[in-house]
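Reading the structure
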Amino acid sequence: MSLAQVHYTSAAPGDEGAGGRFSAVGPGVTGALLAEIEPLLRYELPEGTPDRPSDAELRSLPQAFTYATLSDGSRLVFRSTPVRDTADGAGPGFRFHTHAVHLPPGVPLPGDRLPVETWRSPHWVAVTPGGAIPDPLTLPPGPTAVSEGLDDFAVSRGPWLAAVLADLRRASDPEDSGGRPVVLVERRCADVARWLGLASVTLPRESAERLTFTTYTRRPGSSAARVVGVLPEDGEAARAAGLRVHVCAGQPPSAGGGNDAWATTAARVWRSRSSELFREARELPGEPFAAGPLAVTALCAGITLGPDERAAAAGWAADRPYALDADRTGHLVDALASPGIDDRTGPEFDAVGRLFGALEGRCPASVTAPLAAMLVTEAVRGGNGSLELPRRDAFVGPEGAAVAERLAPEILTELGDRAGPRSVARTVQLLRVARLLGVDSTESLPGVVDRLAPALLAEAAAQESRGAGSEEPVDFAPALLELLDEQFEVRTALLGALDRLAPQDPGAVARFLERVALPFTGTQALPHLRMCAEVPGAMATLGGDRAAVWHRVLRAAGLSPFAEPLVLRTAVGLVWADRAPTVEEARLLLDAATSDAHRAAGTWARLVDAALGAPAAEPPAGGSPAASTDEAAALAHDLLRGFPGEIGGRQRAGLLLLDLVRELRTGAPEPGWAEAVRTLCAQADPVEPALRERAHTALAERLLAPDRPGAELYDFVHGDDAELIAAYDRTARTDPVRIRLRTQPAYAADCFTVWTAHPHAGRTWPPVAAALLDEVLRPAVRAMSPEDVAEVEATVGRTGSSGRADAFRTWNRARTLGRLGRRIVGRVRRG
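This one's a predicted model, so the numbers in the text were calculated from it and none came from an experiment.

**Re the overall build of the chain**
Secondary structure summary: the chain contains 38 helices and nine strands in total. By principal-axis analysis of the C-alpha atoms, the chain measures approximately 160 × 80 × 40 Å. Burial statistics for the chain: of 831 residues in total, 49% are counted as buried. Taken as two groups, the 88 positive and 106 negative side-chain charges of the chain have centres that lie 7 Å from each other.

Here it is in structure tokens:
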């Protein structure tokens, strides 16, 4: 098929007002197409070009070789060349001649060539022909630009290869049709064409066909081509326009192709002068620009790659273990396991581990043994705890013995070091590798598990505190469970160590067991672990009934606290981890075991906390504050008897204060009540507010009783203790006292006597006594019948003096506190 050709000639430099013109147009090229084509054919001189260049200068001017698509889907391939113009009368000048070939939509290039392959065609002409000329896209036999000299060019552009190929790949993306061009800065436009030649070999055919280009332009920002070439003097302007610019004519860049493993691999293939590998790689399954197929092909050909590219090769082969024959599989394994590689990374080892798992069972063990040796060596020396380890039968012949001999001393040294290993993952990995290689670690196992058990709890708690949440799996859990499944002796020792740790921090062990399902369903007793595993379900079903939860958790241990007192500590720590028991719960705990068991378990301290922290006015269900007080005081009495050697300091003083409360309410305490309360409060400082209130109230209630000893009342009044007197004042104003005053004349007479008996006892008592007379006793007396009032007066006279009886009559008739106070004082003085 003959393709239409177009010739366009520009005006000579200096011809003002003259433009270019079409000097020849082939059939089928419409006027509309010519209007669209003409702006593409125009040529702009490089900056500083002389008006009348020499022959050498003329030859040095760039040629623009262009491949463009038109609006109707057709394409245009053309070359613009500077030519000598001898028709200028002023001397030898020059013009520019463009020779173009038009490709209708859907019509391929002759010989199914790529456009860039035609840039050296001898059929391109620089003059308008007088007759028919051969189609320049019909290349004669012989070498073309794609195959001639590209290896040398690629080696010379090694520092730029990866980055440029990565951008050319992106430019060939069909979704990037409206993107801005990639700019290649070269001193010669022929080198831009060579870059396009590299792309035509490296990219798949359909991608290379989408790369529209021009090897030279002064205005890259307005070009519709996907790849444009500019001279060095125009490079900065292209960068300022925000274009992706590669200055391939200057200093090499400091970085390569970034993280693009495909481009980096392609660059290494070109630098190895092995461009035929691109065709081989495209025969392998995978995405067009996946790094895996090309990396596998390169490694099998002996080309050295970096860690990202090796990881891509191993990952691709792991996903498609059937895609390679035995020969190439062996070459790939040898390349990945080469002893000369010293820059392997974690992702690479992970990919190699997946490859080993994919090949294991498909290939002979002799083929995969180098991978197995590499993995276990990295597990020991590299500390990669995420590796998938091979099975014990992964080594055949001398390979396994050699690896074991080399690594066994390192494994045993690190396991036996009391300062390490530092992490759970590391310890688990070393124990698994030791078993894999048949290394006997029996001697170091007790020390290992004693360090591993607390590390499990610490690392799980640290991960939870970082925000992972209690429902997220622990990082090391899969490897740990595999270890326990593989090694019975490790499982037995580690579970025993955790069981011994549980009484120290049962809450931490319970939280750990919620996230890591340890296998302790066998014959081991493990009472503490079983309790820790039981508590979440017990709390979920029994709710706030902590006594019931405690009974259920204790039953899960399978041991009596009399036989194993430490189950008491574990159970208490699980149920009352964040608070002290109530008095009733503490009584339950105390009665559940002997004092010796509580002493051995250390739970007596929680019972002390319960007694000292009992609320002053929070009764049990159906009870009264007094009942609650009595329970706490009774508990304190029993604790002082049961743990005399353990309880000391402020705790002992607090319990003695509670015991004094019990005696004040139920017995006959030793003399000196007020002083005892003050002394014990000072010894228990800082005393709990509820306990202080309880002691003051008990003392006040006892002093308000009719049968209190007078000496105690005298000491109390003259002690001038503001807190104790305030507690007396509050207690005297309570309903029980007010009711007794109204209904018991003798009690009212007694209170009148006491509240008027010590008018000069310090500064605190007199105003309080006067207020009680006026605000508490007076309303009570007024509510009495005349007979009861007479009885109060008679009782005051019998127990006091005639003067005091007169004082009562006067007080009863008085209407103001001032008159009352003056008369009472006068009567008392006269008496």
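**Topic: helix α11 (residues 307-319)**
In an α-helix, one turn spans 3.6 residues, which is why side chains three or four residues apart end up on the same side. If you check α11, its first and last C-alpha atoms are 18 Å apart, about what 13 residues at 1.5 Å a residue would give, namely 18 Å. Taken across its 13 residues, α11 has 10 buried, putting it largely inside the fold. Those residues of α11 that fall on the buried side of the exposure criterion are P307, E309, R310, A311, A313, A314, G315, W316, A317 and A318. Buried residues along α11 sit in contact with α8 (261-271), α10 (291-300), α12 (326-336) and α13 (346-359).

**A look at empty space enclosed by the protein**
As enumerated under the stated definition, the model contains three cavities of 30 Å³ or more in all. Its volume calculated, the largest cavity comes out at about 70 Å³. Every residue along the wall of the largest cavity is listed here: L114, P115, V116, L196, A199, S200, A208, L211 and F213. Broken down by element, the residue count for the lining of the largest cavity peaks at three residues, all from helix α5 (residues 189-202). If you trace the second largest cavity, you find it lined by A317, R320, P321, L324, T329, L332, V333, L355 and L359. At the level of secondary structure, the elements contributing two or more residues to the lining of the second largest cavity comprise α12 and α13. Residue classes in the lining of the second largest cavity are distributed as seven nonpolar, one polar and one charged.

**Comments concerning the packing of aromatic side chains**
Under the criterion given, the structure shown has 17 aromatic pairs. Between the aromatic rings of F716 and W765, the centroid separation amounts to 6.3 Å while the plane-to-plane angle is 80°, which identifies the pairing as edge-to-face. One end of the pair, F716, is in helix α31 (residues 710-719); the other, W765, is in helix α35 (residues 765-782), and 49 residues separate them in sequence. Each member of the pair, F716 together with W765, is buried. Following the ring pairs from residue to residue traces out a cluster consisting of F65, Y67, W124 and F213.

**Here we look at the nonpolar core**
Counting 226 residues, the largest nonpolar core has L480 and W755 as the members making the most contacts within it. Non-local contacts of W755, meaning those with residues more than four positions away in its chain, are made with L704, Y728, A732, L741, W765, A769, L772, L773, V776 and L777. Residues V29, I37, L41 and L76 belong to the second largest nonpolar core, which totals 12 residues.

**Thoughts on the packing of helix α29 (residues 673-683) against helix α30 (residues 689-703)**
It is the contact of α29 with α30, at a shortest axis distance of 11 Å, that shows an interaxial angle of 180°. By the angle between their axes, α29 is roughly antiparallel relative to α30. The residues of α30 that touch α29, namely those facing W673, A674, V677 and C681, are R692, A695, H696, L699, R702 and L703. Taken together, the residues of the contact of α29 with α30 break down into seven nonpolar, one polar and two charged.

**Focus: the layout of surface pockets**
Within this model, the largest pocket holds a volume of roughly 810 Å³. Looking at the largest pocket, it is lined by 33 residues, and the ones nearest its centre are L40, T66, S223, A224 and A225. Mapped by element, the contributors of at least two residues to the lining of the largest pocket are α1 (31-41), β3 (64-69), β4 (75-85), α6 (205-209) and β7 (213-214). Looking at the lining of the largest pocket element by element, the count peaks at five residues for β3. Across the lining of the largest pocket, the residue classes break down as 13 nonpolar, 10 polar and 10 charged.

**Points about unusual backbone geometry**
Omega for the peptide link from D685 to P686 comes to 0°, which places this bond in the cis form. On the secondary structure map, P686 appears in the loop between α29 and α30. Positive phi is not limited to glycine here, since D720 has a value of about 55°. You can see D720 is positioned in the loop between α31 and α32 (722-732). Residue classification places D720 among the partly exposed positions, given a relative accessible area of 31%.

**Focus: helix α21 (residues 527-542)**
The terminal C-alpha atoms of α21 lie 21 Å apart, and with 16 residues this matches the ideal 22 Å at 1.5 Å per residue to within 8%. In α21, a bend of some 35° at E534 exceeds every other bend along the element, and P536, a proline, comes one to four places later. For α21, the set of buried residues is P527, H528, L529, M531, C532, V535 and A538. Buried residues belonging to α21 abut α19 (488-501), α20 (506-515), α22 (546-557) and α23 (566-575).

**A closer look at the confidence of the model for the chain**
Here the chain shows a mean pLDDT of 85. Residues at 70 or above account for 90%. Below a pLDDT of 50 lies the segment residues 815-823, which in the model reaches six contacts outside its immediate sequence neighbourhood of four places, other chains included.

**Let's talk about the environment of P669**
Its location among the elements puts P669 in the loop between α28 (649-666) and α29. When its relative accessible area of 9% is taken as the criterion, P669 is described as buried. Along the sequence, P669 and D659 sit 10 residues apart, while their C-alpha atoms lie 9.6 Å from each other. Among all residues touching P669, those that are not within four sequence positions of it are L660, E663 and L664.

**Re the pattern of salt bridges**
All told, the structure shown has 46 salt bridges when counted by the stated rule. In this structure, the salt-bridge partner of D191 is R188, at a minimum N-O distance of 3.4 Å. Between D721 and R678 there is a salt bridge, with its nearest N and O atoms 4.0 Å apart. Taken together, the positions of D721 in the loop between α31 and α32 and R678 in helix α29 put the pair 43 residues apart, joining distant regions of the chain. Each of R157, E186, R188, D191 and R194 takes part in salt bridges that share partners, so that together they form one network.

Reading the values: the criteria
- Residues numbered from 1 in each chain as written.
- Predicted model: local features only at pLDDT ≥ 70, side-chain atom pairs only at ≥ 80, totals over all residues.
- Heavy atoms only, no water.
- Helix = DSSP H or I, 4+ residues; strand = E, 2+ residues; numbered from the N terminus.
- Buried < 20%, exposed > 50% of the residue type's maximum accessible area, 1.4 Å probe, protein only.
- Lys, Arg positive; Asp, Glu negative; His and termini not counted.
- Charge placed at Lys NZ, Arg CZ, Asp CG, Glu CD.
- Expected span 1.5 Å × (residues − 1).
- Contact = heavy atoms within 4.5 Å.
- 1 Å grid on protein atoms, 1.4 Å probe; cavity = no way out; pocket = protein on both sides within 12 Å on 5 of 7 lines; lining within 4 Å.
- Points joined across faces, edges and corners; volume = space filled by probe spheres on them.
- Nonpolar A, V, L, I, M, F, W, Y, C, P; charged D, E, K, R; others polar.
- Phe/Tyr/Trp six-rings, centres within 6.5 Å; stacked < 30°, edge-to-face > 60°.
- Core = buried A, V, L, I, M, F, W, Y, C linked by side-chain atoms within 4.5 Å.
- Axes fitted to C-alpha atoms, helices over the stretch in contact; angles between N-to-C directions.
- Parallel < 35°, antiparallel > 145°, perpendicular 65-115°, else oblique.
- Bend = angle between axes of the 7 residues up to and from the residue.
- pLDDT = per-residue confidence, 0-100.
- Salt bridge = Lys/Arg side-chain N within 4 Å of Asp/Glu carboxyl O.

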